[in-house]
Amino acid sequence: MKKIISTVSIIIASISITFAGTIHVVTTTQDTKSIAEIIGGNKVEVFAIATGYQNPHFVDPKPSYIIKLSNADLYVTLGLDLEAGWSPSLLSSSRNTKIQKGSDGYVDASVGVTLQQVPSSINRSEGDIHAFGNPHYWLDPLNGKAIARNICNGLEKISPANKEYYEANLKTFNEQIDLKMKAWSTAMAPFKGAKVIAYHNEWCYFENRFGLKIVDFMEPKPGIPPTPSQLVKIIKEVKENNIKVIITSPYFTASSSDVVSKQTGAKTLTLATSVGAFDAIKTYYDLFDYNINLLKSNLK
Amino acid sequence: MVYKNILSILIIASTVGAMAQTDSAKSDSLLLLQIQSEMQQQAPAVAAPQQRVAASANPDISVIGDFRGLYRSFGTHNADAELHEAEFSFQSVVDPYARADFFYSVGEDAKTGKFSGGIEEGYLTTLSLPWHLQLKAGRIKQDVGRVNPVHAHALPFINMPDAYVAFFGEEGLKGDGLSLSWLLPNRLFFQELTVEASSVDTESPTFERSSTNNYLYLAHLKNFWDLSSNATLELGLTAMQGENLQQKLTDIGAIDVTYKWKPVRFNTYKSVTFQNELYYSQSSFDSISSVAPALSPVTVNAIGFYSLLNVQVAKRFFLAGRYDYTNKPDDASFVRQSGTLTLGWYATEFQKIEIEGKYSAMNEAMAENNFEKSFVQANLRWIFVIGSHGAHQY
């Protein structure tokens with residue numbers, strides 16, 4: 001009996017020591033979670049607020065997230081006002097000084113990313129325009145490197161003793177992205193310049209990286225649901241340009257895309273906007289594997 | 001943790017393996033060399049940040065307009081239109097230790113058409129207190145129930161619940177003071193305890209601004225559960241005590257229960273909210289307005305509640321139905337019941353139009369309602385926002 005008690009005590013003690021050293025990371029999305037897990041390895045425990053099939057603009061700031069944030073050592077945001085509707089109120093309510101903006105535990109993953117569609121002026125008559133540029137930058141795998149660098153910097157600030165470990169993981173991640181990039185680019189090369197329609201203006205980074213040409217959007221303006229006149233315009237454009245594919249996201253209903261599909265024969269493809277959008281997408285690498293395979297088989 | 005370690009080793013091992021394969025494949029086609037060259041060109045982008053929008057230390061500023069059209073089934077002047085309210089908000093972080101929020105409201109007097117303004121809320125919130133504490137100091141809306149802390153423009157109905165108006169007034173309960181909240185160390189579900197001490201802003205049906213040191217004291221416990229990824233339940237318990245209109249004390253106990261269903265994937269298309277709030281007051285009075293002065297102090301126990309069902313029927317349409325029941329805090333024999341139906345069209349996050357019908361029935365005729373025991377009201381509300389307005393609570 002004494003032996004059992006002492007064994008259990010040793011196990012509990014060792015578990016406590018192990019967990020005491022774990023860095024608690026909260027990310028706003030599943031993509032940054034995946035990258036943080038790769039960079040942080042066994043030193044981190046990561047929780048993502050938004051699910052992979054959720055529109056990251058419109059996450060409900062549930063009080064239960066405050067519990068996670070109140071105990072976090074590192075907070076990773078995509079920034080560029082993407083999470084402006086819910087992230088500031090959660091951060092403020094967390095009462096956690098370690099992860100407030102300007103603190104060592106606050107990571108803006110967009111730092112260093114070359115932004116696209118940066119407006120010269122802001123006017124809401126143009127719909128949901130982002131002041132800093134299009135915020136969907138993680139959909140270019142090479143921007144994943146910038147995200148990883150920023151997360152690595154954040155981890156090194158709060159846990160400098162493990163710097164070499166994080167740097168080694170970062171190197172591995174970058175090499176894996178480079179390796180994968182070759183395969184992805186090769187797969188998409190035959191479709192360079194292929195014209196597509198997108199539901200929402202969230203694919204510009206993916207479009208430019210892989211040489212697609214988005215002709216128009218189902219939304220007449222960002223954030224404004226498709227109107228009958230917009231659908232008529234899209235149907236005309238699809239027919240004129242012989243467009244084969246309409247790209248949409250898991251969190252948009254398919255009703256308007258289906259109308260265009262029925263009228264034109266173009267296929268509606270629900271691409272993954274984030275890790276976890278579909279069961280098969282478990283890592284940041286899987287995100288591009290899934291989307292590129294889907295596009296490849298439908299653009300032929 | 002052991003599995004995590006093994007997994008990490010496997011990931012590293014597999015990527016190292018992949019690297020070895022990469023080396024062996026360096027003599028690939030021209031296409032691959034082009035890709036490599038392109039990736040190398042991309043590398044400086046990580047190191048050289050792009051010029052972004054100029055930084056500004058100005059606070060987030062917004063103006064919210066609340067235009068209304070009204071109709072009542074009684075009186076000679078029973079239809080009107082008004083710019084009911086214009087709310088100016090200024091919100092920013094002060095320094096690493098606190099943030100500040102100011103809301104200045106200008107409202108129109110329906111009878112005279114004249115505008116008058118005042119600070120609706122203006123408070124400092126700490127960001128750096130230890131032990132998961134947070135302090136607010138300034139003019140605050142008291143943390144009671146689900147309606148009072150929310151600004152009217154963000155509510156899914158136009159007419160406030162009868163019980164809320166009867167107990168706290170049309171403008172709700174607010175005052176100058178301190179609010180200290182503590183995030184309880186409960187890992188299973190969210191719990192927040194708030195205690196407040198404040199002087200009441202203006203006279204409400206229940207409390208008045210005391211000429212002595214009788215402040216309004218409040219304690220609120222908020223409990224929140226994630227029932228599933230799509231459903232949540234909130235239970236709020238509130239107790240408060242303050243000086244009433246006859247310089248005696250009134251105690252109020254309040255319970256709020258809210259169930260929300262909002263599918264995570266399509267959370268912008270559909271949702272259901274079932275929200276309920278109950279107030280129970282116990283007041284000491286020297287006399288009661290409706291009867292002759294009492295010989296000795298009397299105690300009045302009053303109750304009021306509402307039950308709201310708000311259904312998002314499409315991306316831009318909300319339909320809300322509400323039942324109200326209330327006494328008056330100083331007259332438990334008075335009973336008013338109402339049914340309200342509101343249809344809201346949300347053009348964007350920055351504009352919405354609502355139309356509402358409300359039927360009320362009372363057991364006593366009142367001068368303010370032209371001595372009608374039952375009547376109908378219809379309202380139209382057009383809310384529009386310019387500037388950067390902060391998010392509201394869940």
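This one's a predicted model, so the numbers in the text were calculated from it and none came from an experiment.

Trainee: I'm lost on the overall build of chain B in this one. Help?
Mentor: When you go through chain B residue by residue, the secondary structure sums to 3 helices and 16 strands. Looking at chain B residue by residue over its 394 residues, the buried ones come to 29%. In chain B, the share of contacts with a sequence separation of at least 24, taken over all contacts with a separation of at least 6, comes to 55%.

Trainee: For this particular structure, what's the right way to read the domain arrangement of chain A?
Mentor: Residue and element names in this part refer to chain A. Taken as a whole, chain A is organised into domain 1 (2-182) and domain 2 (190-299). Centre-to-centre, using C-alpha coordinates, domain 1 lies 27 Å away from domain 2. The partner domain 2 presents 24 residues to the 27 residues of domain 1 that form the contact. Counting only elements with at least two residues in the side of domain 1 that touches domain 2, the list comes to α2 (30-40), α5 (143-158) and α6 (163-188). Per element, the largest residue contribution to the side of domain 1 that touches domain 2 is 4 residues, and it comes from α2. Of the residues that constitute the side of domain 1 that touches domain 2, the class distribution is 7 nonpolar, 15 polar and 5 charged.

Trainee: Where do I start with the sheet that holds strand β2 (residues 44-48) of chain A in this structure?
Mentor: Sheet strands line up and pair through hydrogen bonds in the backbone, either parallel or antiparallel. Residues and elements named next belong to chain A. Taken in spatial order, the 4 strands of this open sheet run β2-β1-β3-β4, and their pairing is parallel. Unpaired on one side and paired on the other, β2 and β4 (106-108) mark the two borders of the sheet. Neighbour to neighbour, the strand axes of the sheet diverge by 20° on average, direction disregarded. Across 3 bridges, strand β1 (residues 23-27) lies against strand β3 (residues 74-77) in parallel orientation. Bridging from a neighbouring strand, Thr 27 pairs with Val 76 of β3.

Trainee: When you look at the confidence of the model for chain B in this model, what are you seeing that I'm missing?
Mentor: Caution is warranted with low-pLDDT regions, since their predicted coordinates should not be read in detail. Residue and element names in this part refer to chain B. With 81% of its residues at a pLDDT of at least 70, chain B reaches an overall mean of 84. When mean pLDDT is taken per element in chain B, strand β13 (residues 317-328) scores highest with 97 and helix α1 (residues 2-24) scores lowest with 40. Segment residues 1-32 is flagged for pLDDT under 50; beyond a separation of four residues in sequence, or across chains, it makes 16 contacts in the model. A low-confidence stretch, residues 38-48 stays under pLDDT 50, and its non-local contacts, those more than four residues away or across chains, total 11 contacts. Interface confidence for the predicted complex, expressed as ipTM, amounts to 0.83; the pTM equals 0.83.

Trainee: Which parts of the structure should I look at to understand α2(A)?
Mentor: Every α-helical turn comprises 3.6 residues, leaving residues that sit three or four positions apart pointing alike. Residue and element names in this part refer to chain A. Among the 11 residues of α2, 11 are classified as buried, and the element is accordingly described as predominantly covered. Within the sequence span of α2, burial applies to Gln 30, Asp 31, Thr 32, Lys 33, Ser 34, Ile 35, Ala 36, Glu 37, Ile 38, Ile 39 and Gly 40. In this fold, the buried residues of α2 make contact with β1, β2, β3, α5, α6 and α10 (284-299). Downstream of α2 by a residue or two, Gly 41 has a phi angle that is positive, lying close to 55°.

Trainee: Please clarify how the packing of helix α3 (residues 63-70) of chain A against helix α4 (residues 87-94) of chain A should be interpreted in this entry.
Mentor: All names here are of chain A. Close contact between α3 and α4 brings their axes to 9 Å; oriented N to C, the two are set at 60°. In terms of orientation, α3 lies oblique with respect to α4. Along this stretch, α3 crosses α4, giving a crossing that reads as right-handed. Each of Tyr 65, Ile 66, Leu 69 and Ser 70 in α3 lies in contact with α4, whose residues at this interface are Leu 90, Leu 91, Ser 93 and Ser 94. In the contact of α3 with α4, the residues fall into 5 nonpolar, 3 polar and no charged.

Trainee: When you look at the sheet that holds strand β8 (residues 267-270) of chain A in this model, what are you seeing that I'm missing?
Mentor: All names here are of chain A. In space, the 4 strands of this open sheet follow the order β6-β5-β7-β8, with parallel pairing throughout. The sheet is open, and its two borders are formed by β6 (213-217) and β8, each paired with just one other strand. Strand-to-strand twist across the sheet, computed as the mean angle between neighbouring axes with direction ignored, equals 35°. Both strand β5 (residues 195-198) and strand β7 (residues 245-248) contribute to a ladder of 3 bridges, which runs parallel. Bridged to Val 196 within β7 is Val 245. Where helix α8 (residues 228-241) meets the sheet, its contacts fall on β5 and β6, and the angle it forms with β6 comes to roughly 155°.

Trainee: Looking at this structure, I do not really get the environment of Gln134(B). What am I missing?
Mentor: Residue and element names in this part refer to chain B. Tracing the backbone shows Gln 134 in strand β5 (residues 133-141). Residue classification places Gln 134 among the buried residues on the basis of 21 C-beta atoms within 10 Å. As for Gln 134 and Trp 182, which are separated by 48 residues in sequence, their C-alpha atoms are 6.5 Å apart.

Trainee: So what exactly am I meant to see when it comes to α6(A) here?
Mentor: With 26 residues, α6(A) should reach 38 Å at 1.5 Å per residue; the first-to-last C-alpha distance of 36 Å fits that figure. Along α6(A), the residues that are buried comprise Tyr166(A), Asn169(A), Leu170(A), Thr172(A), Phe173(A), Gln176(A), Ile177(A), Met181(A), Trp184(A), Ser185(A) and Met188(A).

Trainee: I tried to follow the nonpolar core on my own but got confused; where do I start?
Mentor: Counting residues in each nonpolar core, the largest one holds 86 residues, and the members touching the most others are Ile39(A), Leu69(A) and Ile151(A). Taken domain by domain, the makeup of this core includes at least three residues from each of domain 1 (2-182) and domain 2 (190-299) of chain A. Excluding residues that lie within four positions of it along the chain, Leu69(A) makes contacts with Val26(A), Tyr75(A), Leu90(A), Leu91(A), Ser94(A), Asn96(A) and Ile99(A). Judged by nonpolar contacts, the second largest core, of 27 residues, contains Phe157(B), Leu218(B), Tyr306(B) and Ala320(B).

Definitions and limits used
- Residues numbered from 1 in each chain as written.
- Chains lettered and ligands numbered in written order.
- Predicted model: local features only at pLDDT ≥ 70, side-chain atom pairs only at ≥ 80, totals over all residues.
- Helix = DSSP H or I, 4+ residues; strand = E, 2+ residues; numbered from the N terminus.
- Buried ≥ 20, exposed ≤ 12 C-beta atoms within 10 Å, placed from the backbone.
- Contact = placed C-beta atoms within 7 Å.
- Domains from an automatic or database assignment.
- Nonpolar A, V, L, I, M, F, W, Y, C, P; charged D, E, K, R; others polar.
- Pairing = 2+ DSSP bridges.
- Axes fitted to C-alpha atoms, helices over the stretch in contact; angles between N-to-C directions.
- pLDDT = per-residue confidence, 0-100.
- Parallel < 35°, antiparallel > 145°, perpendicular 65-115°, else oblique.
- Left-handed = near helix turned anticlockwise from the far one by under 90°.
- Expected span 1.5 Å × (residues − 1).
- Core = buried A, V, L, I, M, F, W, Y, C linked by C-beta atoms within 7 Å.

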